[in-house]
Amino acid sequence: MSFVSHLACSRCRATYPAGRIHHLCTACGSPLVVEYDLERIATAVQPRDLLERPATMWRYAELLPVTGAPVTLGEGFTPLLPAPGLGERFGLPHLWIKDDGLNPTGTFKARGASAGISMAAALGVKEVGLPTAGNAGGAWAAYGAAAGITVHVAMPSDAPAANRAECAAYGANVTTVDGLIDDAAAVINEGVRQHGWYDAAGMREPYRVEGKKTFGLEIAEQMGWSMPQAIVYPTGGGIGLIGMWRAFLQMRDLGWVHGDLPRLIAVQAAGCAPVVRAILEGEEDTERWEQAETVASGLRVPMATGHRMTLRAIRDTGGTAVAVSDRQILQTMALAAAATGVLPCPEGAAAVAAVPMLREAGHLDPADRVVVINTGSALKYPREVDYPVGAA
Ligand SMILES: *Cc1c(COP(=O)(O)O)cnc(C)c1O
Ligand SMILES: [Zn+2]
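Residues numbered from 1 in each chain as written. Chains lettered and ligands numbered in written order. Predicted model: local features only at pLDDT ≥ 70, side-chain atom pairs only at ≥ 80, totals over all residues. Heavy atoms only, no water.

To continue, consider the overall build of the chain. A count of helical and extended segments in the chain gives 13 helices and 13 strands. A compact globule built from 392 residues would reach a C-alpha radius of gyration of about 21 Å, and the chain, at 19 Å, matches this within 12%. Within the chain, the proportion of its 392 residues that are buried is 59%. Here the contacts in the chain between residues at least 6 apart in sequence split such that 70% fall between residues at least 24 apart. Here the chain has roughly 14,600 Å² of accessible surface; of this, 50% comes from carbon and sulfur atoms. The positive charge centre, built from 32 side chains, and the negative charge centre, built from 39, are 3 Å apart in the chain. (Helix = DSSP H or I, 4+ residues; strand = E, 2+ residues; numbered from the N terminus. Rg over C-alpha atoms; globule rule 2.2 N^0.38 Å. Buried < 20%, exposed > 50% of the residue type's maximum accessible area, 1.4 Å probe, protein only. Contact = heavy atoms within 4.5 Å. Areas by Shrake-Rupley, 256 points an atom, 1.4 Å probe, with all protein chains shown as cover. Lys, Arg positive; Asp, Glu negative; His and termini not counted. Charge placed at Lys NZ, Arg CZ, Asp CG, Glu CD.)

What follows is the structure, given as structure tokens:
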């Protein structure tokens, strides 16, 4: 049974029927989002019903677009860990780390790929194509393999070696480009035009963000159906942030949570910070960041289809955006590992590195409950990062 009512344009609100292949809004070119019949969901399921369900993101089936059996590898429901050591260091007694490094393929990209490939399969798709900074390629390749769908991936030639290797191992076709994720998109667009591949680029299909939405659902459930005051998130394409925003709004409409939404705080690398720049300058949209460069490859997204929505999610929740240097990122990997037992990926370390800056600038208060998201495992970057020590 599906609780999806229709799809809607995130900008002009044009509507589209569910159950068919859609990409961007044909009227204005903006991303589409899935709309649910929340009244029906409210009568069909209560938070307490979830206790019986499997510890994956599919425990929230009513709030996900897939009707049949999903393509799953056990993604989601990752631990929300209290981080008292870090909290003491940063003057924030109520600090948690959500460790998404424990997902299949080692990053939270598994959430988006599980939802996206499940929907592609349900829509009868045989071949998908996507540009990636690295980790999305690995995740879609894995779920494509599980579903018997052919996956075409294009990524920067200097993406982490593990990403190329995992894509190849899962049987995906990999093209590397001398450039960044938006240059890789040109290769995929060509395959979409010439061979009819299903375009699975971030926010160009409406379901990946639904998978990433489960971050928000899990955080609320793991906090006893309440919301933290702030969430600190390493932002590339911004899809995770957009997903959480949607999740909290939907849960509040359902009456599952009450009060103010968490302030959504985007952290970017100083070498690629289009969202931070747009927030500081009060712009409604981002401009492409030229010569993007950072060790946090998942944050190397100079321009994203969903950035306008990312900015709205940040502003509507009273959040902010901040950039950290690669030096801070590398030092924080070891610092966070030693203080928590979680060795974060460079992107997750960026989020941790931002916390003391946010605290100093008054964006985080000692009374706040703060969740920092570690989006992946450091073990996916064995060649790129030699886990510097002695940073404390
Ligand atoms: C993709 C990625 C990000 C950024 O996620 P978005 O949803 O695109 O903002 C952060 N961390 C890691 C490890 C990633 O792979
Ligand atoms: Zn539109």
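Following the structure, the description resumes.
Bringing the coordination of the zinc ion (ligand 2) into the picture now. With distances of 2.3 Å, the protein atoms coordinating the zinc ion (ligand 2) are Cys 9 (SG), Cys 12 (SG), Cys 25 (SG) and Cys 28 (SG). One can describe the donor arrangement at the zinc ion (ligand 2) as tetrahedral, given that its four donor atoms subtend angles of 97 to 117° at the metal. Along the chain, the residues that donate to the zinc ion (ligand 2) are spaced as C-x2-C-x12-C-x2-C. Linking Cys 9 in strand β1 (residues 4-9) with Cys 25 in the loop between β2 (15-16) and β3 (32-36), this pair joins segments that are 16 residues apart in sequence. Of the two residues, Cys 9 and Cys 25, both sit in the buried class. (Donors = N, O, S within 2.8 Å, 3.2 Å for Na, K, Ca; no water. Tetrahedral: all angles 85-135°; square planar, octahedral: opposite > 155°, others 65-115°.)

What follows concerns the packing of aromatic side chains. For the coordinates displayed, the defined rule picks out four aromatic pairs. With a centroid separation of 6.1 Å and 90° between ring planes, the pair formed by Phe 108 and Tyr 233 is classed as edge-to-face. Here the residue Phe 108 occupies a position in the loop between β5 (95-99) and α3 (109-122), and Tyr 233 occupies one in strand β10 (residues 230-234), the gap between them amounting to 125 residues. You can call Tyr 233 buried: its relative accessible area is 2%. Ring geometry for Trp 225 and Trp 256: centres 5.4 Å apart, planes at 75°, overall edge-to-face. Remark: Trp 256 occurs in the loop between α9 (239-254) and β11 (263-269) and Trp 225 occurs in the loop between α8 (214-222) and β10; sequence separation between them is 31 residues. Taken together, the ring pairs connect Phe 108, Phe 215 and Tyr 233 into an aromatic cluster. A cation sits over an aromatic face here: Arg 59 above Tyr 60, 6.0 Å from the ring centre. Here the guanidinium or amino end of Arg 59 rests over the ring plane of Phe 77, the centre of that ring lying 4.2 Å away. (Phe/Tyr/Trp six-rings, centres within 6.5 Å; stacked < 30°, edge-to-face > 60°. Lys NZ or Arg CZ within 6 Å of the ring centre and 35° of its normal.)

This part takes up helix α11 (residues 307-316). The set of residues buried in α11 consists of His 307, Met 309, Thr 310, Leu 311, Ala 313 and Ile 314. Taken from the residues just after α11, Gly 318 is the one with a positive phi, measuring 75°.

What follows covers helix α12 (residues 326-340). An ideal rise of 1.5 Å per residue puts 21 Å on 15 residues; α12 measures up with 21 Å between its terminal C-alpha atoms. Residue Thr 332 marks the point of greatest curvature in α12, where the axis turns by about 30°. Those residues of α12 that sit buried are Ile 329, Thr 332, Met 333, Ala 334, Leu 335 and Ala 336. On its buried face, α12 is in contact with α2 (84-90), β11, β12 (321-324) and α13 (346-360). Backbone geometry just after α12 places Gly 341 at a positive phi near 90°. (Expected span 1.5 Å × (residues − 1). Bend = angle between axes of the 7 residues up to and from the residue.)

Remember that side chains alternate between the two faces of the sheet whenever the strand is regular. A large share of β10 lies buried, amounting to five of its five residues. Residues of β10 alternate between two faces, with Ala 230, Val 232 and Pro 234 on one and Ile 231 and Tyr 233 on the opposite face, all of them buried. Of the pairings in the sheet, the one linking β10 to β11 comprises five bridges and is parallel in character. Each residue of the ladder has a partner; that of Ala 230, found in β11, is Arg 263. (Pairing = 2+ DSSP bridges.)

Turning our attention to the layout of surface pockets. Estimated volume of the largest pocket: approximately 560 Å³. Ile 181, Gly 202, Gly 237, Ile 239 and Val 301 are, among the 40 residues lining the largest pocket, the residues nearest its centre. When contributions to the lining of the largest pocket are tallied by element, the ones reaching two or more residues are α4 (135-147), α6 (181-195), α7 (208-212) and β10. Here the lining of the largest pocket takes four residues from α6, the largest share from any one element. Of the residues belonging to the lining of the largest pocket, the class tally is 18 nonpolar, 16 polar and six charged. (1 Å grid on protein atoms, 1.4 Å probe; cavity = no way out; pocket = protein on both sides within 12 Å on 5 of 7 lines; lining within 4 Å. Points joined across faces, edges and corners; volume = space filled by probe spheres on them. Nonpolar A, V, L, I, M, F, W, Y, C, P; charged D, E, K, R; others polar.)

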